[in-house]
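So the chains spell out like this:
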Amino acid sequence: MAHRNLILEELLNTGRLTADQADAIHEEHLEQEKPIHEVAVGQGYIEEETYLETVARVMGVDQTDLAMLAIDDNVKQAVPASIARLYRTAPVQVDHASAVFAVADLPSPAVTDDIAFVLSRHVNYVVAPQADIDAAILRLYGEESASENDLLSALEANLEEVGTDMIDLADLEHAASATPVIQFVNLVLYQAVKDRASDIHFEPFEHEFKIRCRVDGALFEMAPPPKRLALPVISRIKVIAGLDIAESRLPQDGRIQLQVAGHTIDFRVSTLPTQFGESVVLRVLDRSNVQLDIGNIGFPDDIRTSFIEDIQKPNGIVIVTGPTGSGKTTTLYAGLQHINRTETKILTAEDPVEYDVDGIIQLPIRENIGLTFASALRSFLRQDPDVIMVGEIRDQETAQIAIQASLTGHLVFSTLHTNDAPGAVTRLIDMDVEPYLIASTLEAVMGQRLVRAICPDCKTPFRPNNAMRELLELDRSQIGEQPFYHGAGCDACHQTGYSGRRAIFEYMQISDPLRAAIIDRKPTVALRQKAVELGMRTLREDGLRLILDGCSTVEEIVQYT
């Protein structure tokens, strides 16, 4: 295996690591998107002192004891907190021409270029332990909550650099590359990733410019920047996403890949022209937070067993259904990862590709050049696959080819946007797919939702009242004296009472009685009744599991089921 990281090569060449250890570190670094330093030291392959000595030798710089180093006040003034936190590096010395930063690992050339560009200074380094660097950042800049307001204050003082009456392209490009704008965009992206946001919304209105983040499915607003920053900030995002900043009349799509606090983060960028400027939404894809493993999805034991049984069949169709943002793609990828073997050829068609997985051939759909799900599926069948995943069945043509693939000996995974598992059958029939074809190829439908989990730091028990029990169709004998829980609200969860999300499921395995009902064109209600008779738990019933386990609240389960 080739090791592109110079530190890993040096540790290998000096005998500090064996070839197997270096391979293992390199592999985990790529798979988990973790820094080499974090893997090598954290997993116990090497002592931190030895690692830091090697970094200093390869870079040709000194090691330093940050705890004993007095850092001048002018350093804090010259280097914004957003830079230090974004790259997890502490500034230790700054003059008019250069700046010195402490690092625990070999910085990439891109990071050095970014810092040099923002500071307009030559960048040098010293080496120190990461814990000391994090402590120095905290000493210098204080708690993170203050950093955004501090930067907004600085932006107000620098607004003359980024005027709003920009008409020609040169003015627009100049504004997008102004230092305060770069710092502000960096901070927003860093803060969103830190808060585990799934989406970041930049929204210009007539008299204000809003920035909102979606965390655990709910939107909350960040401190609003001045309205006149809307155009330069949105232009900056378009620049780093490789979009045409001169085109503001048509929607555009792009992608940004950044190193944020040591992790590689992908941002899917979508622009939309509106009455008062372009609205931009960034979908945050933090691969370090994604555990594509069936054991981490949160399946109840019986559903996990049934799902594994169905995805190991040689042919058939397995569908995951639910609204946008309900975790369908993650569930399908966990299934693909489970059956991802050398002897299995797996092809996926997605719009866009959300996770990069070794051993799986992935195709991004590009409808603007005629590469649709249907045309991709046709090509797939000539590539000798065993398993096919099509991101979504959107029309009759895609549904027909998926069924044809199943009938010719392929296992097909896909998603549908329906409210529940039985509704998937009705949706396929609405696409003019013959019921006998659905009955003969469909193996299982998984309906799922993501509900917010109670914050562990402010989790509080309470006794459910009669109205709440009636809402959940429970009587007192079913819950006895067991308490329910809710989050009281604290700083850790932004006073929401929730932190993170859990999935709830309903799993409809297509048995012979259900196949007969499908062929008879039974409505969704009848299919649901039959599936429940055959043992399917509904989303509401699976939600009760989370309530009784103290993982989620009555309000969340009722809202999503």
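Throughout what follows, the structure given in this document is the object of discussion. Along each chain, numbering runs from 1 in the same order as the chain's sequence is written. Confidence filtering applies because this is a predicted model: local features only for residues at pLDDT of at least 70, side-chain atom pairs given and counted only at 80 or more, and all residues used for totals across whole chains, interfaces and linings. The side-chain numbers reported here are obtained from all heavy atoms of the structure, hydrogens and water having been left aside.

### A look at the packing of aromatic side chains
- Pairing of aromatic rings covers Phe, Tyr and Trp, the last through its six-membered ring, and needs centres within 6.5 Å; plane angles under 30 degrees mean stacked, over 60 mean edge-to-face, and all others mean tilted. Applying the stated criterion across every chain, the model contains four aromatic pairs.
- Ring geometry for Phe 462 and Phe 484: centres 6.3 Å apart, planes at 85°, overall edge-to-face. Highlighted residues: Phe 462 in strand β16 (residues 459–462) and Phe 484 in strand β17 (residues 484–487), separated in sequence by 22 residues.
- For every residue, the accessible area obtained with a 1.4 Å probe (protein chains only) is divided by the maximum for its type, and the residue is called buried under 20%, exposed over 50%, and partly exposed between those limits. Its relative accessible area of 23% is what places Phe 462 among the partly exposed residues.
- The buried category is assigned to Phe 484, whose relative accessible area is 1%.
- Ring-pair connections join several aromatic residues into one group, and the members of that group are Phe 299, Phe 307, Phe 505 and Tyr 507.
- A ring has a charge above it when a Lys NZ or an Arg CZ is no more than 6 Å from the ring centre and no more than 35 degrees off the ring normal. The residue whose ring lies beneath Lys 210 is Phe 205, and the NZ or CZ to ring-centre distance is 5.7 Å. Only DSSP runs of H or I covering at least 4 residues are called helices, and only runs of E covering at least 2 are called strands; the numbering of each starts at the N terminus.

### Considerations on the pattern of salt bridges
- A side-chain nitrogen of Lys or Arg and a carboxyl oxygen of Asp or Glu constitute a salt bridge if their distance falls within 4 Å. Applying the stated criterion across every chain yields a total of 23 salt bridges.
- Across the salt bridge formed by Asp 310 and Lys 313, the nearest N and O atoms sit 2.9 Å from each other.
- Among the residues examined, Asp 310 registers a relative accessible area of 0% and is labelled buried.
- Three or more residues are tied together by salt bridges with common partners; here these are Asp 310, Lys 313, Glu 443, Asp 512 and Arg 515.

### A closer look at unusual backbone geometry
- Phi is positive for Arg 88, close to 50°, though the residue is something other than glycine.
- With respect to the helices, strands and loops of the structure, Arg 88 is situated in the loop between α6 (81–87) and β1 (90–94).
- Its identity is not glycine, yet Asp 216 carries a phi of approximately 55°, on the positive side.
- Within the secondary structure, Asp 216 is located in the loop between β5 (209–215) and β6 (218–221).

### Describing the sheet that holds strand β2 (residues 98–103)
- Here the rule is simple: two strands pair whenever DSSP picks up at least two bridges between them. Reading across from one edge, β1-β2-β3 is the order of the three strands in this open sheet, with mixed pairing throughout. The two strands at the open ends of the sheet, each matched to only one other strand, are β1 and β3 (122–127). For this sheet, the mean inter-axis angle between neighbouring strands, taken without regard to orientation, is 30°.
- The sheet contact formed by β2 and β3 spans six bridges and is parallel. Within β3, the position partnered with Ala 99 by the bridge is Val 123.
- Contacts are assigned to residue pairs with any non-hydrogen atoms lying within 4.5 Å of each other. Angles shown run from 0 to 180 degrees and are taken between the N-to-C directions of axes, each axis being a line fitted to C-alpha atoms and, for helices, limited to the stretch in contact. Along the sheet, helix α4 (residues 48–59) contacts β2 and β3; its crossing angle with β3, the most-contacted strand, is approximately 145°.
- Along the sheet, helix α7 (residues 109–119) makes contact with β2 and β3, crossing β3 at roughly 125°.

### Here we look at the sheet that holds strand β18 (residues 498–509)
- Spatial ordering of the open sheet is given by β12-β11-β13-β14-β10-β15-β18, a layout of seven strands whose pairing is mixed. Every interior strand has two partners, whereas the edge strands, β12 (360–364) and β18, have only one. On average, each strand axis in the sheet is tilted by 20° relative to the strand beside it, whichever way the strands run.
- Alignment of strand β11 (residues 346–350) against β12, held across five bridges, turns out to be parallel. Paired with Leu 347 across the strands is Ile 361, a residue of β12.
- Against the sheet, helix α13 (residues 301–311) engages β10 (316–321), β14 (411–416), β15 (442–454) and β18, with an angle of about 60° to β18.

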